[in-house]
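Spelled out, the chains give:
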Amino acid sequence: MRLVLRAAEATGATELIDVSGAHVDSCLYHGEASLDFVDRLVDGGARVGIPTTLNVGAVDLIHPETYRGDPRTAERGRLLMDRYRALGARPTFTCAPYQLADSRPSLGEQVAWGESNAIAFCNSVLGARTNRYGDFLDIAAAITGRVPYAGLHRTDARRATIVLRLAPDVPDALRDADVLFPVLGIVLGRRAGSAVAAIDGLARGQSEDRLKALGAAAASSGSVAMFHVVGSTPEAPTLEDALHSGQPNAVEDIGLAELRVARDQLSTARGDRLAAVSLGTPHASAAQLRGYAALIGERRVHPDVHCLISTGRDVLVSQPQAAGRLRDAGVELLVDTCSYIAPILRRTDGAAMTDSAKWAHYAPGNVGVDVAFGSARECIDSAVSGRVVRDGSLWGDA
Amino acid sequence: MSGVSGRALVLDEPLSLWGGMDPATGELIDAHHPQRGARLTGRVVVMPSGRGSSSSASVLAEAVRARTAPAAILLCEPDLILAIGSAVAEELYGVAVPIVVLPADRLAAIRDGTALLIGRDGSVKTA
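What you see is a predicted model; the values in this text were computed from it and never measured. (Residues numbered from 1 in each chain as written. Chains lettered and ligands numbered in written order. Predicted model: local features only at pLDDT ≥ 70, side-chain atom pairs only at ≥ 80, totals over all residues.)

**Here's the deal with unusual backbone geometry**
Residue and element names in this part refer to chain A. Quick reminder of the rule: Segments assigned H or I by DSSP are reported as helices when at least four residues long, segments assigned E as strands when at least two residues long, and all are numbered from the N terminus.
Each neighbour pair has its own omega, and for Thr281 with Pro282 the value is -10°, a cis peptide bond. Of note, Pro282 is situated in strand 10 (residues 274-284). The phi angle at Asp336 is positive, at roughly 70°, despite the residue not being glycine.

**Concerning the confidence of the model for chain B**
Note the following rule: You can read pLDDT as the predictor saying how much it trusts each residue, on a scale of 0 to 100.
Summing up the model confidence of chain B, the mean pLDDT is 92 and the portion of residues at 70 or higher is 98%. If you check the scores for this complex, the pTM reads 0.93 and the ipTM reads 0.92.

**Regarding the interface of chain B and chain A**
Our working definition: Note on contacts: residues are paired as contacts if their backbone-placed C-beta atoms lie within 7 Å. Each residue is assigned to one of three groups, with Ala, Val, Leu, Ile, Met, Phe, Trp, Tyr, Cys and Pro labelled nonpolar, Asp, Glu, Lys and Arg labelled charged, and all others, Gly among them, labelled polar.
Contact residues are listed per partner, giving 32 residues for chain B and 39 residues for chain A. Those elements that provide at least two residues to the side of chain B that touches chain A are helix 1 (56-65) and helix 2 (80-93) of chain B. Looking at side-chain class alone, the side of chain B that touches chain A contains 15 nonpolar, twelve polar and five charged residues.

**Quick notes on the sheet that holds strand 9 (residues 250-254) of chain A**
Residue and element names in this part refer to chain A. The condition that has to hold: In this scheme, strands are said to pair when DSSP sees at least two bridges between them. Lines fitted to C-alpha atoms define the axes, with helix axes restricted to the stretch in contact, and inter-axis angles between N-to-C directions lie between 0 and 180 degrees.
Strand order in the open sheet formed by four strands is 8-7-6-9, and the pairing between neighbours is parallel. Here the strands that pair on one side only, and so sit at the sheet edges, are strand 8 (227-229) and strand 9. With direction set aside, neighbouring strand axes in the sheet form an average angle of 20°. Both strand 6 (residues 162-166) and strand 9 contribute to a ladder of five bridges, which runs parallel. Looking across to strand 9, one finds that Arg165 is bridged to Asp253.

**Some details on the nonpolar core**
Among soluble globular proteins, nonpolar side chains are generally buried collectively. For clarity, the cut-off: Joining buried Ala, Val, Leu, Ile, Met, Phe, Trp, Tyr and Cys residues through C-beta atoms within 7 Å gives a set, and that set is a nonpolar core. To sort residues by burial, count the other C-beta atoms lying within 10 Å of each one's C-beta; a count of 20 or more means buried, 12 or fewer means exposed, and anything in between means partly exposed. C-beta atoms are built from the backbone.
Grouped together as the largest cluster of nonpolar side chains are 171 residues, with contacts concentrated most on Ala141(A), Leu188(A), Ala197(A), Phe227(A), Val44(B), Leu60(B) and Ile84(B). Discounting chain neighbours no more than four positions away, the residues touching Val44(B) are Gly6(B), Arg7(B), Ala8(B), Leu9(B), Pro70(B), Ala71(B), Ala72(B), Leu74(B), Leu116(B) and Ile118(B).

Following this line, the structure appears as structure tokens:
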């Protein structure tokens with residue numbers, strides 16, 4: 001409770017409100033401080049007071065052999081995951097709790113979520129309300145069921161203050177390609193910082209998977225906790241709705257040149273030498289698993305390439321057919337963790353290719369690998385051929 | 001405690017401590033950050049805002065435990081994630097990293113390398 005009050009002080013809130021659920025990120029091991037903190041809670045007899053899901057941890061508990069780092073760190077990471085379970089949280093171990101049918105808060109519901117991509121999805125795509133709850137505060141909110149009434153819990157803070165319009169030179173085919181969304185998210189994060197922006201100029205009814213990729217990228221390049229996509233997110237049926245009928249502080253265009261630069265900056269690898277392909281950041285949805293299975297078809301992963309897909313344990317068991325096809329093709333399926341937060345990759349002596357801007361953003365610093373960013377199709381084709389395969393046609397590359 | 005002191009490290013872009021700082025060494029490791037390789041330990045880190053991951057609170061607390069943490073962080077907008085990381089570090093290890101919010105013009109006036117004193121009341125003075 002002391003932490004919740006400290007948070008109220010820091011945000012200037014004068015009252016606390018009830019939250020109906022929590023998503024806790026503190027179960028990922030960052031060093032002994034992680035355990036020192038949870039031990040304090042466990043020793044004090046704490047239990048979560050509201051339904052609580054857990055974010056990824058350091059180890060895939062179902063496939064522990066996938067961990068290739070220091071066994072002591074793995075053991076400490078596993079211990080931390082156990083401790084949070086002992087506090088009464090559900091062992092979901094996914095960064096995409098919104099893909100669990102029973103963990104999707106409804107429009108307007110007040111919750112306390114950690115994990116930057118989940119926060120962005122919760123506010124933007126579900127229309128439920130959370131602030132950016134960092135480690136420690138997320139579990140404090142889960143235990144007390146209370147948070148400061150501040151920021152995005154309040155209606156007025158959810159108004160778009162910036163409008164970002166796709167410029168006329170962005171080709172229609174690119175506007176309707178999955179690969180646009182992670183790249184657009186990087187630009188969104190840079191332009192918006194921590195502000196709420198409304199994106200205008202996309203077809204109505206964009207899929208959850210596209211909005212997920214957009215938000216995960218924006219929360220990596222910026223501190224985006226909420227965005228509107230006009231015609232696709234629930235608080236923005238129209239641009240006027242996103243603006244709460246007010247005037248934006250800025251209206252800016254995003255053109256093809258800026259998107260191409262953002263795309264190119266996601267790749268740090270040079271040449272076409274390929275070591276690994278990592279998909280499923282944030283954790284792949286059921287539809288994405290089926291999509292990856294369909295893309296690879298009857299082909300097999302090249303023997304020199306480590307190809308893996310991260311997903312939630314619950315999503316994985318719901319998709320036995322796609323999972324079977326992918327495993328038969330030589331794809332490793334990883335749950336409970338992710339390949340950019342733990343030493344999972346078998347090889348780092350060539351590019352690691354990904355369709356995730358978030359993975360591309362963090363992997364070079366976290367696991368010391370050079371990244372080649374591409375579409376899901378480019379990633380799968382590369383995994384099969386054993387070298388980085390590109391198709392620049394969507395982007396109007398020469 | 002009378003406050004903390006350190007030389008300013010003015011970052012050209014916001015930094016997420018998680019994925020951006022190695023708490024074992026205090027080094028800036030974000031491959032996309034222009035100041036990759038800089039050491040944050042003992043410095044008064046100056047940046048417009050925090051960024052990115054909600055795990056940064058843990059990284060800050062772990063850096064305090066490992067004695068690699070910045071002396072203080074100066075921002076121009078409040079950052080709850082860093083504030084909580086600092087509060088937990090104080091609770092567990094008795095050392096807080098002051099997270100101070102300054103008006104943008106004052107923040108912009110701070111030159112890299114300037115020796116600064118951060119008071120317990122959040123005051124920022126040139127040493």
